Amino acid sequence: AADALARLYATLNDEQRAVVDAPADLPLQVIAGAGTGKTNTLVHRVIRLIERGVAPDAIMLLTFSRRAAEEMRGRVMRLLASAGMPEIRLDWAGTFHATGAQLLRDYAGVIGLSPNFTIADRDDSADLLGLLRHELGLDETAQRFPTRQTCLAIYSRVVNTGAALQAVVAEHFPWCAGWEVQLKRLFANYVAAKQADQVLDYDDLLLIWERMLDVPLIADDLRARFSHVLVDEYQDTNRLQASLLFAMRPHGQGLTVVGDDAQSIYAFRGAEAANMFEFVEQCTPAATVLTLTRNYRSSAPLLAASNAVIHEAARRHPKTLWTTRADGEAPSLVSLADETAQADYVSLQALARREGGARLRDQAILFRTGTHSAALEVALGARRIPFRKFGGLKFLDAAHVRDLLAILRFAQNPRERVAGFRVLQLLPGVGAATAAQTLAAITTALGSAVAPPRGFRLPEPKRALAHWDALADLLAALAQPVEPVGAQVERALAWYEPWLAARFDDAAIRIEDLHALARIAHTYPSRERFLAELTLDPPDAVSDQAADPMLDDDYLILSTIHSAKGREWRHVTLLNAVDGCLPADMATRNASELEEERRLLYVAMTRARETLEIVLPLRFHVHQQAAGGDRHVFAQRTRFIPPKLLSLFDSRAWPSAAPSETGRQALAALRVDIAAKLRSMWD
Ligand code: ATP
Ligand code: MG
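Residues numbered from 1 in each chain as written. Chains lettered and ligands numbered in written order. Predicted model: local features only at pLDDT ≥ 70, side-chain atom pairs only at ≥ 80, totals over all residues.

### A few points about the nonpolar core
Condition: By definition, a nonpolar core groups buried Ala, Val, Leu, Ile, Met, Phe, Trp, Tyr and Cys residues that connect through C-beta atoms lying within 7 Å of each other. Note on burial: count the other C-beta atoms lying within 10 Å of the residue's C-beta; 20 or more is buried, 12 or fewer is exposed, in between is partly exposed, and C-beta positions come from the backbone. Under the DSSP-based scheme used, a helix requires at least four consecutive residues in state H or I and a strand at least two consecutive residues in state E, with every element numbered from the N terminus. Contact definition: two residues whose C-beta atoms, as placed from backbone geometry, lie within 7 Å.
Among the nonpolar cores identified, the biggest contains 95 residues, and Leu366 and Val615 are the most heavily contacted of them. Here this core gets 8 residues from one element, more than from any other, and that element is helix H17 (residues 399-412). Val615 has contacts with Val334, Leu336, Gln342, Tyr345, Val346, Thr573, Leu574, Leu575 and Ala577, leaving out every residue within four places of it along the chain. With 73 residues, the next largest nonpolar core counts Leu62, Leu128, Leu200 and Leu230 among its residues.

### Details of the site of ligand 1
In plain terms, the rule: For each residue, a C-beta position is placed from the backbone atoms; the residue is near a molecule or strand when that point lies within 6 Å of it. Each residue is assigned to one class: nonpolar for Ala, Val, Leu, Ile, Met, Phe, Trp, Tyr, Cys and Pro, charged for Asp, Glu, Lys and Arg, and polar for all the others, Gly among them.
Lining the immediate environment of ligand 1, one finds 19 residues, of which Gly37, Lys38, Thr39, Asn40 and Tyr296 sit closest. The element contributing the most residues to the shell around ligand 1 is helix H3 (residues 38-51), with 3 residues. For the shell around ligand 1, the class distribution of residues is 4 nonpolar, 11 polar and 4 charged.

### Some points on unusual backbone geometry
A cis amide bond, omega -10 degrees, links Thr284 with the succeeding residue Pro285. Note on placement: Pro285 falls in the loop between helix H13 (274-282) and strand E8 (288-290). Across the junction of Leu582 and Pro583, the peptide omega takes the value 5 degrees, indicating a cis bond. At Gln198, a position not held by glycine, the phi torsion is positive, near 55 degrees. With respect to the helices and strands, the residue Gln198 is situated in the loop between helix H9 (180-197) and strand E5 (199-201). We note that Asn576 has phi near 50 degrees; this positive angle belongs to a residue other than glycine. Considering the arrangement of structural elements, one finds Asn576 in the loop between strand E13 (569-574) and helix H25 (591-605). Taking the C-beta count within 10 Å as the criterion, Asn576 has 25 such neighbours and is therefore assigned buried.

### Some points on the confidence of the model for the chain
What counts here: Confidence of the predictor at the level of single residues is captured by pLDDT, which takes values from 0 to 100.
Across the chain, pLDDT averages 85, with 90% of residues at or above 70. Considering only residues more than four positions removed or in separate chains, one finds that residues 537-552, a stretch of pLDDT under 50, has 17 contacts. Confidence metrics for the complex model read pTM 0.79 and ipTM 0.99.

Structure follows, in structure tokens:
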């Protein structure tokens, strides 16, 4: 075993070994750039601790995401197994939240918590706030009281940063000013309701863990149990997490943190990159700070470009990275006509790389926000390219997107009961039973008409009756369309929007999605083509929640930049590298928001090992209410790649092919009685 461990150790470079060998009981901080092996070295430090006789369950290994935690735990155990120690388990490797949950179960009896407590996810928490807000009579839209999601965001920020409610509202939620008193009452009720129901939200998992450490007996017990705490991605911890860590390991004794300030991308959720810079002084004796400078991940041209991008940043810890991988292609900047051309190009490139021997899962397509991949998801579905999406719901699975498509399908075919069933239930008071009854009545009333009649009597309920004619008018207008399909989607959206606004607190985001759907529709020649391509189930697509796909499964990776943190792929493509998308429009108000956007670009670029493509759709279709509808706008390359950096990139343009309609004319004349053929199978 000793030999095997020595061989593992020999794979590390000198700087990495210094980290592994630093005194185990003293505070240690590693600040190093992307791809220098921070995570890898942390894994080896854990192994070294175990080698020195520290009990595995006295080691707490914390990181940001579940996937990253699983990967680290897996690596430690695999490496130990390869060194002849297969029996060792690392039970305390997890996210901050999961670890908190595990600890709270252990101490539930002591702190008066039911051991059967349940954990509310963010949606559950927002729902509970919505309910309590209603009880307080604060939900009149006219009052403009913050939405339940905003309430939760304010609450969470107060808890995680330790700042006062007043200050949080003033600084981050200025549009909620004036509601502080009511918010305070709401939050008091929220805490009481959670306690009565024995429910903990995500923030409680950290907050109670930290408060528990105020109790000397519990603190002594925890400190005795966990002699060593190691943290990856320290740049994204918030105040509460930092204070927890120092309570677990007073003065930083036995605490190791690693991170990269240039990759701090969670300030919007209250993370404090300042934790990184204050770490040294918070420790006694002062922490040792080590760095790693050799990048193992990316080829030299990729490293040069990402270094150049981050060097433009205002404030950063100076770092120089080097690599021996001198070969490799420069990153490319590919300009395309629009988002549809972008989606086509990216799908074709993925297929081409697969032809060239790369698996789909060696390729990742990254984007700033979950909705940016909408057009790409449609294009991948049409080409039967399986993909898996991280961060954000799959576009075509979202309820509101399905609602809108159902309206179009129902208009196209009022006999389609699946779509009709869905659409009718959008009317107030109409449930499944009424919808089914109504559909039957509509079919009878239809006769040979192409749209359900105006003035049609809904069997039930009175409330919906008042809204029927508006729906009938919409369906009639859509039934024999003269307008292009994009305009049809807009028309359906105009009808649907008020329902959406009434039903969902986050209606604004959903409406944004539907405008994205309209943009996609604008690129289709007909409604039939549009519906056919979008309503086909994207085949073989594995959802994020699904169990680990089998080994021989191959799928393209789609991910938000946030969800790509800490990971790497041979080939990386970044979508929508234009101003307004990256930096996002809403994040250009001040310098610190802009800097976070720049770091996002850096994180995206540093995920690539062999090739990096940065794609720019030059024309955007935007919906502008004020300007009286839709228009095309010209987009600019992201400001984070200014002209002086262009020499580091390989710039090219990709022309999109004109769509062809082969054989359509001839087919139009053909008539085949397929229904008879099908029936004859059973004669
Ligand atoms: P990020 O900042 O993105 O989180 P990181 O600093 O954590 O990156 P790792 O993910 O640990 O870097 O390592 C990057 C790549 O370099 C991985 O593929 C890893 O296996 C490889 N690597 C790290 N150290 C070595 C080494 N000593 N020898 C060979 N490969 C290494
Ligand atoms: Mg890492």
